[in-house]
Structures are given as C-alpha cells and as structure tokens.
Amino acid sequence: MMKLDSTQALLKEDISSYQEQVSRIHKMIHDKSGAGNDRLGWVDWAENYDKEEFERMIKVAEKLNDKTDCVVVCGIGGSYLGARAAIEMIQGLYPDQAKEVVFIGNTFSSNYISQVLNHIKDKDVVVNVISKSGTTTETALAFRLLKQFMERKYGKEECRERILATTDRSKGTLKELANKEGYETFVIPDDIGGRYSVITPVGLLPMALMGIDIREVMKGLQAAYADLNTDDLSKNDAYQYAVARRILQNQGYNVEMFVTYEPQLQCLGEWFKQLMGESEGKEGKGILPDSATFSTDLHSLGQFIQEGKKVLFETLLAVEKPTLDSVVPTDPDNLDGMNYLAGKNLDWINKMAMKGTLAAHVETGGVPNLQISIPDMSAYSFGYQCYWFFKATAMTCYMLDINPFDQPGVEVYKKNMFKLLGKPE
Ligand code: PA5
C-alpha cells in the first residue's frame, strides 16, 4: 500500500543498523510499556473500536442526509485537523455534490466567525461540535454563537436532532451541556490523544456526515494494522521512515518539509505538522515540521529549497493514481506554445514536474528526499496512511526518548491569554 523510497535521501547511515533499537521500541509500543502508555489506544483501535457506536454514526449520517446541505464542524487542533484533512483528501476541494462542509471553532477571528455565520444563514445546517474537554476557548465560544444561531433558526426541539456532540464519555463541560440539551453524543476515547483521534468519531462522524464511506476508512486502518505489526525493518516502511528521520537529523537537518503535488492534500500537511510537531517538539528536541504544495510553492519556496541554507529535508508524499484526470487539448493557433503537451494527461505532466524537481533538489541542490508513495486518495488509503504515520511518529519519538503523546507546551499561551481575558481561577 504505502512504500518508502529512501534512495534519494542521502543517508550516511544504513537504516537496517537500527534494527535492534526498533525491535525494542516496537515491543514497547505493543506492550504499552513506554512513556505516555495510557494514550496508546490507537494501536489496536482497528480491532477494538466500538462497533455499536460505529454503526450509529452511519445511521445518524444517513438520517440527516436529506435534511442538510451544510455540515458545520466545530473544533480545533486534534478535534479539527484530521476531519478536514480526510474530507479534502477524499472528496477534493470542489466536490461534485450539493453538500458543503464548513469549519469553525478553530480561531478567535471575528471576521472569520462572522463570515461563517453569515454564509450558513440560509442553508440547511447540521452541527458537529467536537471537544474532549469542552473548555477549549476557541471551540466553546464559536459553539455558543452557533448554538444561538441554530436555536433561532430551528428551535430547541429540532436542534436535538441537528446538533451532534463528540466529547468525553462521561465528564466535561460539553458532555454536561449535551446531556442537558438532549444532543446525541459520540465518544472521544480516553486513551487516544487529539492528534491520533481522526480514526475515532472525532474524524469519522464528520466524514460520514459528508457522505464518505467510513467502512472503507476502517478497512484501510485494519490493513495497515496488520501490515505494520512487525518489528522487521525490511518489512516495515513506517519504521524505516522513522529511522531515516533520525539519521537525517543526526546529519544536521532540523526541518522536514512535507511535500505533496495535490492541493487537496494541503490540509493533510497541516495534520502532519500537528502530529509530528506536538509529538516530537519538546525537551529542546525534535525536527520542525513544515509543509508545501508543489508545484505552487516551487514558485515561492522553491528558491530557498534549491539554493538556501541547507537546513531541511523533504518528505514527498506521491499519489500514484489521480482521482480525476484531463487531457490537454490541441489548439490550431498554438499561441500559448502548449501544443507540445497536446494529448498528454495533466497527471502525467504533474508527475514529470515531480521527477524534474526531485532531481533538481537532490542532485543539484543537495537536499535529501524521502519519498512515500500512496496508491490513491481514497477513503481506504486515508485510513491506511493514518496508521502508517501514527506508527512512524511513535517510533521516531521513542527513538529520541520523547513521550509522543503529551503536549505540555501548548498550555503556556493559554495561561497568559486567560490572565489577559480575566478568566476566573
Ligand atoms: O492534540 C491536542 O490535544 C490538541 O490539539 C487538542 O486536540 C485541541 O486543543 C482540542 O482540544 P479539545 O478536544 O479538548 O477541545
């Protein structure tokens, strides 16, 4: 399914020389004996997920399907990025369907929030508010406005059907509010942290509401669970990638640029940045994750990558088969000089740009490139790649002696902000 090619990564060490360390950490992940071991629920989630709840999500989505042309997803961080990455990857940015998804709860921007509320005012709206704690300020504030909007538009009774809450199983402000208002609730498991939670109702419910076949997502997850349940580095490409990152950082590369050639994967890059950044960036350690969409960003960042300071390596996620394709038409006048490409598929051209860029960056620029290939942008592939990156993240963090599952640093800004906002202690 997903393959790593490290032949262009300019590695000065052999990946296989890390076998012993990888075997030890693999055991630690599966025995749940490492740091943050109360957050390893994702490891066996492909088998242990709540089947009843899964079917309930599908039923709710089917029931609401005719009633809605707009799904509003309210959440931030781990309660936002995965769902967006999945929906955009699988359906594209301008999908051929009447229903649209709108994200809110991920900013304090008065402009953004006001525009969203204005944009949805004449639509048939369903809301999925997602927050483990219920106290995340961006999400809680946006939901307060959204709730008022929904109650004015539909009345409290209908809101019971149109507002779905994804939160803690039994505690927290959102759980209390949902119980009081009579909203249907879905569970964020205690042992799966935000950035690993897209495979739970956090990501699956918004996907289902948007008409994505979440059974396919789970099938992909299950396949990856089976394929990657080995410590044998020669058979586990996710672990090879984890090791290659460590080797590259040892060689002095402290920035990883996650590159795709598909605009609909831009948010996957954002998801990747949270996954790696929050998991690894602590105790003064870690590689800074960045992302870029080529060829767009070759016309901006391309200069730095080619000739700037040699701080970064690229991780290229290459999609083998496009979801859609077009053929370049012939133009008798050929005023734009593009006839030399007439009859060629756009995806073929995109792949030639990728090939040419790879050679430019690696051979001329000396920028290491790790290449990960994925067959397509289907729901199945999305599920598969989630587990692939989760496993790689856990391995690469444990190799650095870092707890991959906490994020103590994100509390600092909140403390300062609460003080300025006058939040009661
Ligand atoms: O990774 C994380 O833990 C964060 O990004 C959280 O997911 C984010 O802050 C949202 O938290 P909550 O679901 O409690 O609203």
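Remember, it's a predicted structure, so these values are computed and weren't measured experimentally. (Residues numbered from 1 in each chain as written. Predicted model: local features only at pLDDT ≥ 70, side-chain atom pairs only at ≥ 80, totals over all residues. Heavy atoms only, no water.)

Novice: Describe the nonpolar core, listing the residues and the values that go with them.
Specialist: A general tendency of soluble globular proteins is for nonpolar side chains to be buried together. Counting residues in each nonpolar core, the largest one holds 96 residues, and the members touching the most others are Trp42, Met207, Tyr241, Trp271, Phe382 and Phe389. Per-element tally for this core: the top contributor is helix α14 (residues 379-399), with 13 residues. Within the second largest apolar cluster, 24 residues are counted, among which are Ile113, Val125, Ala142 and Ile163. (Core = buried A, V, L, I, M, F, W, Y, C linked by side-chain atoms within 4.5 Å. Buried < 20%, exposed > 50% of the residue type's maximum accessible area, 1.4 Å probe, protein only. Helix = DSSP H or I, 4+ residues; strand = E, 2+ residues; numbered from the N terminus.)

Novice: Give a detailed account of the sheet that holds strand β2 (residues 70-74), specifying residues and quantitative values.
Specialist: Taken in spatial order, the five strands make up an open sheet running β3-β2-β4-β5-β6, and their pairing is parallel. Where the open sheet ends on each side, the last strands, each with one partner, are β3 (100-104) and β6 (184-187). Here the average twist between neighbouring strands, direction ignored, is 20 degrees. Direction of pairing for β2 relative to strand β4 (residues 125-130): parallel, over a ladder of five bridges. Across the sheet, residue Cys70 finds its bridge partner in β4, namely Val125. Along the sheet, helix α8 (residues 201-209) makes contact with β2, β4, β5 (163-167) and β6, crossing β4 at roughly 170 degrees. (Pairing = 2+ DSSP bridges. Axes fitted to C-alpha atoms, helices over the stretch in contact; angles between N-to-C directions. Contact = heavy atoms within 4.5 Å.)

Novice: Can you break down the pattern of salt bridges residue by residue, with the values?
Specialist: Applying the stated criterion across every chain, the model contains 31 salt bridges. Between Asp31 and Lys27 there is a salt bridge; the shortest N-O distance is 2.9 Å. Of the two residues, Asp31 and Lys27 both sit in helix α1 (residues 19-31), four residues apart, roughly one turn of that helix. Residue Asp31 is classed as partly exposed on the basis of its relative accessible area of 44%. What makes Lys27 exposed here is its relative accessible area of 52%. Put simply, Glu55 and Arg215 hold a salt bridge, and the shortest N to O gap is 2.9 Å. Taken together, the positions of Glu55 in helix α3 (residues 51-65) and Arg215 in helix α9 (residues 214-227) put the pair 160 residues apart, joining distant regions of the chain. Here the salt bridges do not stand alone but share partners, grouping Glu52, Glu53, Arg56 and Glu184 into one network. (Salt bridge = Lys/Arg side-chain N within 4 Å of Asp/Glu carboxyl O.)

Novice: Residues and numbers for the side chain of Gln371, please.
Specialist: Mapped onto the elements of the fold, Gln371 is located in strand β10 (residues 369-374). For Gln371, a relative accessible area of 17% gives the class buried. Those residues within four positions of Gln371 in sequence are excluded, and the remaining contacts are Lys3, Leu4, Asp5, Gln8, Leu316 and Leu358.

Novice: Let's hear about the pairing of β2: which residues, and what values?
Specialist: Summarising burial for β2: five of the five residues are buried, a large majority. Residues Cys70, Val72 and Cys74 of β2 are buried on one face, and the alternating residues Val71 and Val73, pointing to the opposite face, are buried as well. As defined by bridge partners, β2 adjoins β3 across five bridges and the pair is classed as parallel. Directly across from Val73, in β3, lies its bridge partner Phe103.

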